[in-house]
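An overview of the molecular structure
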Amino acid sequence: MSNRMWGGRFGGGPDDIMEEINASIGFDQRLFAQDIRGSLAHCAMLADNQIISQQDADEICNGLKTILADIEAGNFTFSRALEDIHMNIEARLAELIGPTAGRLHTARSRNDQVATDFRLYVRDTIDHLSGQIVALIGALVAKAETHADTIMPGFTHLQSAQPVTFGHHLLAYVEMLSRDHGRLVDARKRLNESPLGAAALAGTGFPIDRHQTAEALGFDRPTANSMDSVSARDFALETMSAAAICATHLSRLAEEIVVFASPGFGFFNLPDAYSTGSSIMPQKRNPDAAELVRAKSGRIIGALNGLLIVMKGLPLAYSKDMQEDKEGTFNALDSLSLCLAAMTGMMETMTINADAMREAAGRGFSTATDLADWLVREAGLPFRDAHHVTGALVALAEAEGTELAALSLAQMQQADARITEDVFTVLSVENSVASRTSHGGTAPDNVRAAVAVWTAQLADMGDA
Ligand code: ARG
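Because the structure is predicted, anything quoted here is derived from the model rather than measured.

Procedures and definitions
- Residues numbered from 1 in each chain as written.
- Predicted model: local features only at pLDDT ≥ 70, side-chain atom pairs only at ≥ 80, totals over all residues.
- Heavy atoms only, no water.
- Helix = DSSP H or I, 4+ residues; strand = E, 2+ residues; numbered from the N terminus.
- Rg over C-alpha atoms; globule rule 2.2 N^0.38 Å.
- Contact = heavy atoms within 4.5 Å.
- Areas by Shrake-Rupley, 256 points an atom, 1.4 Å probe, with all protein chains shown as cover.
- Pairing = 2+ DSSP bridges.
- Salt bridge = Lys/Arg side-chain N within 4 Å of Asp/Glu carboxyl O.
- Buried < 20%, exposed > 50% of the residue type's maximum accessible area, 1.4 Å probe, protein only.
- Near = heavy atom within 4 Å.
- Polar contact = N/O pair within 3.5 Å; in protein donor to acceptor, adjacent residues only side chain to side chain.
- Expected span 1.5 Å × (residues − 1).
- Core = buried A, V, L, I, M, F, W, Y, C linked by side-chain atoms within 4.5 Å.
- Disulfide = S-S within 2.5 Å.

**Here's the deal with the overall build of the protein chain**
Tallying secondary structure elements over the protein chain gives 18 helices and 6 strands in all. Taken against the 2.2 N^0.38 rule, which gives 23 Å for 464 residues, the C-alpha radius of gyration of the protein chain at 30 Å runs more than 25% over that of a compact globule. Considered along the principal axes of its C-alpha atoms, the protein chain spans approximately 100 × 50 × 40 Å. Sequence separation of at least 24 residues holds for 75% of the intrachain contacts in the protein chain that already meet a minimum separation of 6. With the model as given, the accessible surface of the protein chain reaches about 21300 Å², and the carbon-plus-sulfur share is 53%.

**Some words on the pairing of strand β2 (residues 159-165)**
One ladder, built from 6 bridges, connects strand β1 (residues 151-156) with β2; its direction is antiparallel. Bridge pairing in β2 links G154 to Q162. Here β1 folds back onto β2, and the loop between the two strands holds 2 residues, one of which, H157, carries a positive phi near 55°.

**Thoughts on the environment of R9**
The topology assignment puts R9 in the segment before α1 (16-22). For the pair R9 and A254, spaced 245 residues apart in sequence, the C-alpha separation works out to 56 Å.

**Re the pattern of salt bridges**
The full count for this structure, using the stated rule, is 25 salt bridges. Close ionic contact of R188 with D127 constitutes a salt bridge, the shortest N to O distance being 2.7 Å. In this pair, R188 is assigned in helix α7 (residues 166-191) and D127 in helix α6 (residues 110-146), connecting sequence segments 61 residues apart. D325 serves as the salt-bridge partner of R233, at 2.6 Å between the closest nitrogen and oxygen. Placement of the pair is R233 in the loop between α9 (226-231) and α10 (234-260) and D325 in helix α12 (residues 325-349), with a sequence separation of 92 residues. Among the residues examined, R233 registers a relative accessible area of 2% and is labelled buried. Shared partners join several salt bridges into a network, and the residues in it are E83, D84, R110 and K320.

**Examining the site of the ligand**
Around the ligand, the neighbouring residues are S24, D28, D84, H86, R110, N111, V114, Y318, Q323 and K326. Measuring from a nitrogen atom of the ligand, one finds a side-chain N or O atom of D84 at 3.0 Å. The separation between a nitrogen atom of the ligand and a polar side-chain atom of N111 is 2.9 Å. Alone, the ligand offers 340 Å² of accessible surface; in the complex the protein occludes 87% of this. The dominant element in the shell around the ligand, judged by the number of residues it contributes, is α6, at 3 residues.

**Some words on helix α4 (residues 54-72)**
With 19 residues, α4 extends 27 Å between its outermost C-alpha atoms, agreeing within 8% with the 27 Å of an ideal straight helix rising 1.5 Å per residue. Contacts from the buried residues of α4 go to α3 (32-48) and α5 (85-97).

**Describing the environment of S262**
Here S262 lies in the loop between α10 and β5 (268-269). Look at S262 and you get partly exposed, because its relative accessible area is 23%. Sequence-wise, S262 and K296 are 34 residues apart; in three dimensions their C-alpha atoms are separated by 21 Å.

**Digging into the nonpolar core**
The biggest cluster of nonpolar side chains holds 100 residues, and the ones touching the most others in it are L140, L250, F268, L336, M343 and M347. Considering each element in turn, this core owes the most residues, 16 residues, to α10. With residues up to four places along the chain from it excluded, the contact list for M343 reads L136, L250, L253, A254, I257 and V293. Formed by 20 residues, the second largest nonpolar core is a distinct cluster that contains A368, L381, A386 and L427.

**Examining the state of the cysteines**
Under the criterion given, the structure shown has 0 disulfides. Free cysteine: C43, not disulfide-bonded; nearest cysteine sulfur from C61 at 3.5 Å. C246 supplies the cysteine sulfur nearest to C339, a cysteine that is in no disulfide, at a spacing of 8.8 Å. For C339, a relative accessible area of 4% translates into the label buried.

Right under this line is the structure:
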């Protein structure tokens with residue numbers, strides 16, 4: 001059977017393999033709501049500008065609404081022979097209202113139609129993801145507030161470096177996620193122009209009103225160049241790149257959950273709801289959700305790469321290559337959404353073993369910098385000399401199998417005679433973190449101040 005949309009030119013139908021490679025209905029059916037939204041706006045505009053009659057427009061719009069309700073109710077049979085969502089809906093419209101359906105496609109092409117649908121879809125998804133990021137930030141800020149004073153080891157090279165507060169550690173992720181949020185909000189601003197009415201690539205001779213459809217669909221304005229309108233996919237690339245960066249942040253937090261929940265650390269206890277057992281080892285509690293968040297960044301980054309490669313070197317304007325934009329984007333954005341939900345759930349439910357954190361924070365000579373700083377401040381040593389003296393004391397403590405604070409004053413003074421009893425006041429982890437009050441430092445008071453700033457900020461981000 002020849003295709004009813006272009007049967008005028010074609011005698012025969014496509015080969016079965018052609019149909020299989022060509023069809024996108026298997027994945028683009030999820031654009032149905034955006035497709036109908038776009039068609040309703042287009043139809044109303046056509047009538048308002050006397051391009052079609054009001055009566056035809058009413059019939060078309062009623063038919064489209066019926067189709068929307070049918071698809072939502074699961075009463076719609078998608079057909080591969082009809083290739084994509086646009087032609088599936090148009091064909092059904094013709095079944096419902098007859099030849100009038102054919103007037104809907106006046107001054108429009110599937111090229112501007114799919115560009116419009118996809119922009120609307122990505123925009124809706126950005127809004128959803130932004131809200132999810134705000135929710136995760138909220139969960140992190142709440143935990144940071146609870147743990148403003150909780151001391152843990154801070155690491156560099158995953159070696160114990162200096163004590164930090166757990167609240168401060170969590171707020172580092174809040175910073176990352178707020179930038180992720182900002183990137184999505186930015187992507188949305190550039191995305192928010194309507195390609196509808198660009199038609200196939202050159203615009204149209206019909207007296208359409210692209211400002212009207214742009215406004216009806218919540219776009220800020222129509223796109224300025226018809227060829228760019230149908231061939232641009234950088235809105236998807238930009239959104240996916242923001243998604244990939246966000247996924248990378250989530251994967252780092254996920255890795256820390258895996259590490260810190262392991263028996264070797266024992267800082268976090270994962271709840272039953274976000275872990276699994278082993279079918280053979282009864283003692284096991286595995287952080288599967290965190291591992292999968294860590295791993296799913298792979299497919300999100302992969303999807304971004306995939307679309308970059310599809311778009312690279314494509315001539316203007318539309319090419320069917322661009323149909324390959326959807327599956328990866330859907331998958332990447334779905335995955336990020338799931339990761340955000342899982343991470344928020346983990347953050348809300350996992351419990352913290354503050355004693356294990358505090359204990360670990362004191363190990364590994366973590367206050368050696370505080371000792372060196374004391375030598376600079378109180379004994380007047382240049383920092384490099386202070387570093388040397390402290391290094392000798394660390395070596396001594398290590399040789400004796402003890403901690404810096406457990407050395408005697410006499411032992412300290414052997415390393416440098418200027419050391420006094422006062423030095424012991426700076427060797428506790430509590431003192432160490434409390435002293436780090438520089439802007440952006442880890443002190444509990446800083447954490448509380450940052451929590452207050454974020455709490456105020458969260459209200460604005462919700463509105464963004
Ligand atoms: N299914 C197509 C896509 O996703 C719709 C646009 C088709 N346009 C065309 N001229 N064949 O890109």
